[in-house]
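Read off the chains here:
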Amino acid sequence: MEFETKAIHVGQEPESSTGSTIVPIYQTSTYTQEALGKHKGYEYSRTGNPTRAALETALAALENGKYGLCFASGLAATTTVLCLLKAGDEIVAGDDLYGGTIRLFDRVFSNFNIKVNYVDGRNPKNFESGITANTKLIWLETPTNPMLRLCDIKAISQISKAKNLLLCVDNTFASPYFQKPLDLGADIVVHSTTKYLGGHSDVVGGAVILNNKETYEKVKFYQNAIGGTPGPFDSWLVLRGIKTLAVRMKKHEENAMKIAEFLEKHSKVKKVHYPGLKSHPQHELAKKQMSGFGGMISIEINGDKEATKKIIESTKLFSLAESLGGVESLINHPFTMTHVGVPAEHKARLGIVENLIRLSVGIEDTNDLIEDLKQALA
Ligand SMILES: *Cc1c(COP(=O)(O)O)cnc(C)c1O
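Residues numbered from 1 in each chain as written. Predicted model: local features only at pLDDT ≥ 70, side-chain atom pairs only at ≥ 80, totals over all residues. Heavy atoms only, no water.

Attention now moves to the overall build of the chain. Summing up its helical and strand segments, the chain has 14 helices and 12 strands in all. Against the 2.2 N^0.38 benchmark of 21 Å for 378 residues, the chain shows a C-alpha radius of gyration of 21 Å, consistent with a compact globule. Across its three principal axes, the chain shows a C-alpha extent of roughly 75 × 50 × 35 Å. Buried positions account for 56% of the 378 residues belonging to the chain. Considering only contacts in the chain between residues 6 or more positions apart, those separated by 24 or more positions represent 72%. Distance between charge centres in the chain, computed from 43 positive and 42 negative side chains, equals 2 Å. (Helix = DSSP H or I, 4+ residues; strand = E, 2+ residues; numbered from the N terminus. Rg over C-alpha atoms; globule rule 2.2 N^0.38 Å. Buried < 20%, exposed > 50% of the residue type's maximum accessible area, 1.4 Å probe, protein only. Contact = heavy atoms within 4.5 Å. Lys, Arg positive; Asp, Glu negative; His and termini not counted. Charge placed at Lys NZ, Arg CZ, Asp CG, Glu CD.)

Structural data, given as structure tokens:
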């Protein structure tokens, strides 16, 4: 079955007792048992809920994985995966990560004596050099947020397999429509379903997808034991979102490509970071491991902080907001918004400068979006 069909049908058969075509929102915390211990597979909604189960099945299918688990947020998903580790264990992580992930690593898990060794993820060899006798997990994002750098998933998975480590890939930016890390050798995929999977900026959620049964059982145990699970309505919103993921991603990409080309020629723009551009240093890798380049663009402005602020505050269609991946276009200042909690030297190392702007290109009309940027840059 192809991607578009899976997104609409897998885990989403008509409901048997009423014929409801759409998976109902099972807004219940508990389930009535016929007799002691005799039930239909559900006992309590933290442990399992039919709406959530439908989403978990569908997301696993979209990532070509066997098992899916859903969470109340992307960070709840990440937290639960990190519970596979214990005190003294180490993580080797790509250094260009979602700001909240860095905050979770550096300010929460560090308290439990889990150390993170950050490396420049553009060269797979750096991951190898970062491994110590205590390393248990390799963590990466690709393309990265906000610098749109790439990590070679296949090459890094060979390193992790050789050393018997787990490789976890945060696939939020590409979405499974453009990139399938499990097919490329990753062990675990993490998502913030808040972004492209939900797609309408109306829900916060997360997911974990994997193939190994033993690891799945452990993460499932922690999902229930820790309790960072999504409610039935939030699960339903993401389930509705993924039905249109394919058509949305195509339009996000079409718009982003045209906007990136427009920006690259603009005199006020010093640099455009977009993996679909030939000028992107890792364009060849993007073509190899992704089937499309996504809807995220970062640009450096020819000018100072004030000039950058003026542009960010002048767009009319691009809303000044955190988050990404919705149908509407957003503009963001990573330095003071999404990455404000990232230590200064970490930001400097990555190139998160004051004149950097991140765009989440929506699915509005291409020319309207270009006109909006044109007037903001004027
Ligand atoms: C938003 C985001 C997260 C965190 O997800 P939440 O749903 O906000 O908790 C993790 N990784 C990436 C790449 C993100 O963009």
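A few words now on the domain arrangement of the chain. Segmenting the chain into domains produces domain 1 (3–242) and domain 2 (246–377). Between the C-alpha centres of domain 1 and domain 2 there is a distance of 26 Å. In this complex, domain 1 contributes 39 residues to the contact, which on the side of domain 2 involves 41 residues. Interface of domain 1 and domain 2: buried area, both sides summed, is about 3,300 Å²; carbon and sulfur atoms make up 59% of it. Between the two partners, domain 1 and domain 2, sit three salt bridges. In this structure, the salt-bridge partner of Glu 4 is Lys 250, at a minimum N-O distance of 3.6 Å. (Domains from an automatic or database assignment. Buried area = accessible area lost by both parts, 1.4 Å probe. Salt bridge = Lys/Arg side-chain N within 4 Å of Asp/Glu carboxyl O.)

Counting across every chain of the model gives 16 salt bridges. As a salt-bridge pair, Asp 89 and Lys 86 come within 3.9 Å of each other at their nearest N and O atoms. For Asp 89, a relative accessible area of 6% gives the class buried. As a salt-bridge pair, Lys 136 and Asp 89 come within 2.9 Å of each other at their nearest N and O atoms. Here Lys 136 is found in strand 4 (residues 135–141), whereas its partner Asp 89 is found in the loop between helix 3 (74–82) and strand 2 (90–94), with 47 residues between them in sequence. The network of salt bridges with common partners includes Glu 34, Lys 38 and Lys 40.

Close to the ligand lie Ser 73, Gly 74, Leu 75, Tyr 98, Glu 141, Asp 170, Thr 172, Ser 192, Thr 194, Lys 195, Gly 205 and Leu 324, which account for all nearby residues. A distance of 2.9 Å is found between an oxygen atom of the ligand and a backbone nitrogen or oxygen belonging to Leu 75. The side chain of Thr 194 places a nitrogen or oxygen atom 2.7 Å from an oxygen atom of the ligand. The fraction of the free accessible surface of the ligand (380 Å²) that becomes covered by protein chains is 92%. In the shell around the ligand, the residues fall into three nonpolar, six polar and three charged. (Near = heavy atom within 4 Å. Polar contact = N/O pair within 3.5 Å; in protein donor to acceptor, adjacent residues only side chain to side chain. Areas by Shrake-Rupley, 256 points an atom, 1.4 Å probe, with all protein chains shown as cover. Nonpolar A, V, L, I, M, F, W, Y, C, P; charged D, E, K, R; others polar.)

Time to look at the sheet that holds strand 11 (residues 330–332). Read from one edge to the other, the open sheet built from five strands follows the order 8-9-12-11-10, with strand pairing classed as mixed. Two strands close off the open sheet at either side, each with one partner strand: strand 8 (269–273) and strand 10 (319–320). Both strand 11 and strand 12 (residues 356–360) contribute to a ladder of three bridges, which runs antiparallel. When the sheet's bridge partners are listed, Ile 331 is paired in strand 12 with Leu 359. Packed on one face of the sheet, helix 12 (residues 305–312) meets strand 9 (296–301), strand 10, strand 11 and strand 12 and runs near 20° to strand 12. (Pairing = 2+ DSSP bridges. Axes fitted to C-alpha atoms, helices over the stretch in contact; angles between N-to-C directions.)

So, on to the environment of Lys 86. With respect to the helices, strands and loops of the structure, Lys 86 is situated in the loop between helix 3 and strand 2. Here Lys 86 falls in the exposed class, since its relative accessible area comes to 53%. A sequence separation of 50 residues divides Lys 86 from Lys 136, and the C-alpha atoms of the two residues are 9.5 Å apart. Lys 86 has contacts with Ile 114 and Lys 136, leaving out every residue within four places of it along the chain.

Turning next to the packing of helix 10 (residues 245–265) against helix 14 (residues 366–377). Put simply, helix 10 and helix 14 touch, their axes get as near as 10 Å, and they point 35° apart. Note on packing geometry: the crossing formed by helix 10 with helix 14 is right-handed. Packed against helix 10, whose contacting residues are Lys 251, Glu 254, Asn 255, Lys 258, Ile 259, Phe 262 and Leu 263, the element helix 14 presents Thr 366, Leu 369, Ile 370, Leu 373, Lys 374 and Leu 377 at the interface. (Left-handed = near helix turned anticlockwise from the far one by under 90°.)

On to the pairing of strand 7 (residues 206–210). In regular strands, side chains alternate between the two faces of the sheet. Burial analysis of strand 7 places five of its five residues in the buried class, which makes it a mostly covered element. Side chains Gly 206, Val 208 and Leu 210 of strand 7 all project onto a buried face; the interleaved residues Ala 207 and Ile 209 project onto the opposite face, where all are buried too. Note that strand 1 (residues 67–71) and strand 7 share five bridges and pair antiparallel. Across the sheet, the residue bridging to Cys 70 is Ala 207, located in strand 7. Relative to strand 7, strand 6 (residues 188–192) runs antiparallel, the two sharing five bridges. Looking at the pairing, His 191 lines up with Ala 207 of strand 7.

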